[in-house]
Amino acid sequence: MNSMKVGATRSSGAGLIGLFVAVLTVAVLYVGGEWFVTQHVKAALTEILQQEMHGELEVESVGLDGWLLSGSRSGDAVVLLPSNERVPVEFKMIGNPITGSTITVEGDQRLKLRLRDLFGDIF
């Protein structure tokens, strides 16, 4: 006697679709996390640098080195001065925005930014 299997069989494509959805979800979460950290750094740098400036400044862009979940990251930011001059600033971030972070800008970077604000292109 020959026997046949009767019932629903699972398609082999379902595993591939599940894998694709999982990879896509992880990628979206990572990109969203990077965007959140970048917005946090922009706001914190604006607040830190605005304390010593005379006019309003804007942090145009932030570039971070390292992985999203690393404890210490460094990076570069482009700051737009009231004179429409763009000045690069280096910073370090320890921690993360969710549990708490400390963002520091070296003293010589602050001095360079302040001198550019006061004297323009002379320095």
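Calculation criteria
- Residues numbered from 1 in each chain as written.
- Predicted model: local features only at pLDDT ≥ 70, side-chain atom pairs only at ≥ 80, totals over all residues.
- Heavy atoms only, no water.
- Pairing = 2+ DSSP bridges.
- Helix = DSSP H or I, 4+ residues; strand = E, 2+ residues; numbered from the N terminus.
- Axes fitted to C-alpha atoms, helices over the stretch in contact; angles between N-to-C directions.
- Salt bridge = Lys/Arg side-chain N within 4 Å of Asp/Glu carboxyl O.
- Buried < 20%, exposed > 50% of the residue type's maximum accessible area, 1.4 Å probe, protein only.
- Patch = residues over 30% accessible without salt bridge, like charges linked within 9 Å, V, L, I, M, F, W, Y side chains within 5 Å.
- Areas by Shrake-Rupley, 256 points an atom, 1.4 Å probe, with all protein chains shown as cover.
- Lys, Arg positive; Asp, Glu negative; His and termini not counted.
- Charge placed at Lys NZ, Arg CZ, Asp CG, Glu CD.

Trainee: Just to check I follow, could you spell out the sheet that holds strand β3 (residues 86–96) for this structure?
Mentor: Either a parallel or an antiparallel arrangement is found when strands of a sheet pair, and the pairing is made through backbone hydrogen bonds. With respect to topology, four strands assemble into an open sheet ordered β1-β2-β3-β4, the strand pairing being antiparallel. Here the strands that pair on one side only, and so sit at the sheet edges, are β1 (58–64) and β4 (100–105). When strand polarity is set aside, the average angle formed by the axes of neighbouring strands in this sheet is 30°. Pairing of β1 with strand β2 (residues 72–80) involves six bridges; the strand directions are antiparallel. Bridged to V62 within β2 is A77.

Trainee: Would you take a moment to explain the pattern of salt bridges for this structure?
Mentor: When their charged atoms lie close together, side chains carrying opposite charge are able to pair. Scanning the model with the defined rule gives two salt bridges in all. Between R73 and E34 there is a salt bridge; the shortest N-O distance is 3.2 Å. Of this pair, R73 sits in strand β2 while E34 is found in helix α1 (residues 13–50), placing the two residues 39 residues apart along the sequence. Here R73 and E34 have matching classes, each one buried. For the salt bridge of E60 with R86, the shortest nitrogen-to-oxygen distance reads 2.8 Å. Remark: R86 occurs in strand β3 and E60 occurs in strand β1; sequence separation between them is 26 residues. Of the residues examined, E60 reaches a relative accessible area of 28% and is grouped as partly exposed.

Trainee: Even after reading the chapter, I still don't get a negative patch on the surface, so can you show me in this structure?
Mentor: A grouping of D65, D76, E90, E106 and D108 is seen on the molecular surface, where their side chains present a negatively charged patch. Structurally, D65 is set in the loop between β1 and β2. You can call D65 partly exposed: its relative accessible area is 47%.

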